[in-house]
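Residue strings, one per chain:
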Amino acid sequence: AQTVTQSQPEMSVQEAETVTLSCTYDTSENNYYLFWYKQPPSRQMILVIRQEAYKQQNATENRFSVNFQKAAKSFSLKISDSQLGDTAMYFCAFMRVSGSARQLTFGSGTQLTVLP
Amino acid sequence: SAVISQKPSRDICQRGTSLTIQCQVDSQVTMMFWYRQQPGQSLTLIATANQGSEATYESGFVIDKFPISRPNLTFSTLTVSNMSPEDSSIYLCSVGGRAVNEQFFGPGTRLTVL
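All figures in this text were calculated on a predicted structure; none of them were measured in a lab.

1. Observations regarding the pattern of salt bridges
- Using the criterion set out here, one finds five salt bridges over all chains in the structure.
- For the salt bridge of A:K55 with A:E52, the shortest nitrogen-to-oxygen distance reads 3.9 Å.
- When its relative accessible area of 40% is taken as the criterion, A:K55 is described as partly exposed.
- A salt bridge links B:K65 to B:D87; the nearest nitrogen and oxygen atoms lie 2.6 Å apart.

2. Digging into the state of the cysteines
Residue and element names in this part refer to chain B.
- Under the definition given, this model contains two disulfides over all chains.
- Two residues share a disulfide in this structure: C23 and C93, whose sulfurs sit 1.9 Å from each other. Handedness of the C23-C93 disulfide follows from its S-S torsion of about -65°: it is left-handed. Remark: C93 occurs in strand 9 (residues 89-96) and C23 occurs in strand 3 (residues 19-25); sequence separation between them is 70 residues.

3. A look at the packing of aromatic side chains
- By the definition in use, this model includes 14 aromatic pairs over all chains.
- Taken together, the ring pairs connect A:F35, A:Y37, A:F91, A:F106, B:Y35 and B:F105 into an aromatic cluster.

4. Thoughts on the interface of chain A and chain B
- Between chain A and chain B, the contact holds 18 residues from the first and 28 residues from the second.
- Summed over both sides, the interface of chain A with chain B buries roughly 1900 Å², with 50% coming from carbon and sulfur.
- The largest contributions to the chain A side of the interface with chain B come from A:R43, A:R102 and A:Q103, which together make up 38% of the buried area.
- Between the two partners, chain A and chain B, sit one salt bridge.
- In this structure, the connection of chain A to chain B is made through nine residue pairs in polar contact (both at pLDDT 80 or more).
- Those elements that place two or more of their residues in the side of chain A that touches chain B are strand 5 (32-39), strand 6 (46-52), strand 10 (88-96) and strand 11 (104-106) of chain A.
- Per element, the largest residue contribution to the side of chain A that touches chain B is four residues, and it comes from strand 5 of chain A.

Criteria and cut-off values
Residues numbered from 1 in each chain as written. Chains lettered and ligands numbered in written order. Predicted model: local features only at pLDDT ≥ 70, side-chain atom pairs only at ≥ 80, totals over all residues. Heavy atoms only, no water. Salt bridge = Lys/Arg side-chain N within 4 Å of Asp/Glu carboxyl O. Buried < 20%, exposed > 50% of the residue type's maximum accessible area, 1.4 Å probe, protein only. Disulfide = S-S within 2.5 Å. Helix = DSSP H or I, 4+ residues; strand = E, 2+ residues; numbered from the N terminus. Phe/Tyr/Trp six-rings, centres within 6.5 Å; stacked < 30°, edge-to-face > 60°. Contact = heavy atoms within 4.5 Å. Buried area = accessible area lost by both parts, 1.4 Å probe. Polar contact = N/O pair within 3.5 Å; in protein donor to acceptor, adjacent residues only side chain to side chain.

Now the structure itself:
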């Protein structure tokens, strides 16, 4: 079974600053996907960024980037130029690649607050 | 991306009753999932809704408590049966996208059991 650990229950950052959210996971799989989802107070789950385990290059989506360290099983999210709208709960998630299975295993989440 | 709607968006129910949550997708999808998010917690997969066959439940979840229907490729229902206050949660439907690493979520149903 896979496990996903987010060790930072809460974090805060000043507007326009940079913040990094950490995530580690445990798996015996070699091929898998990793995700960061954002859940604002509206509770809608929004995909922020995803990474394929077989790709060495770190994924980037505008102000969001990841630091994927496969050997260390680490998958941190960096948010640059933080905006007030980034305030949300952030979940790291793991998806194994096995046949048609697409179930996600989530971490416990990090509540990020962007301060004006 | 898929557009997913859920009904109801929220409900307050009495102990011992049942509630059926609907999930509608704007396109045909193979994979549909139901997750539970207890207050202040992360998401936990309840089951995979399979079209034309019984749902596949995760450890700790049983069909008698959470019966699921999947009559076609755009619709699924989750019933929370014989509810207790411990069932108070947000229930989310999700679907797989065309790419294997895509998964989209509905807006969730916030259930409160008194």
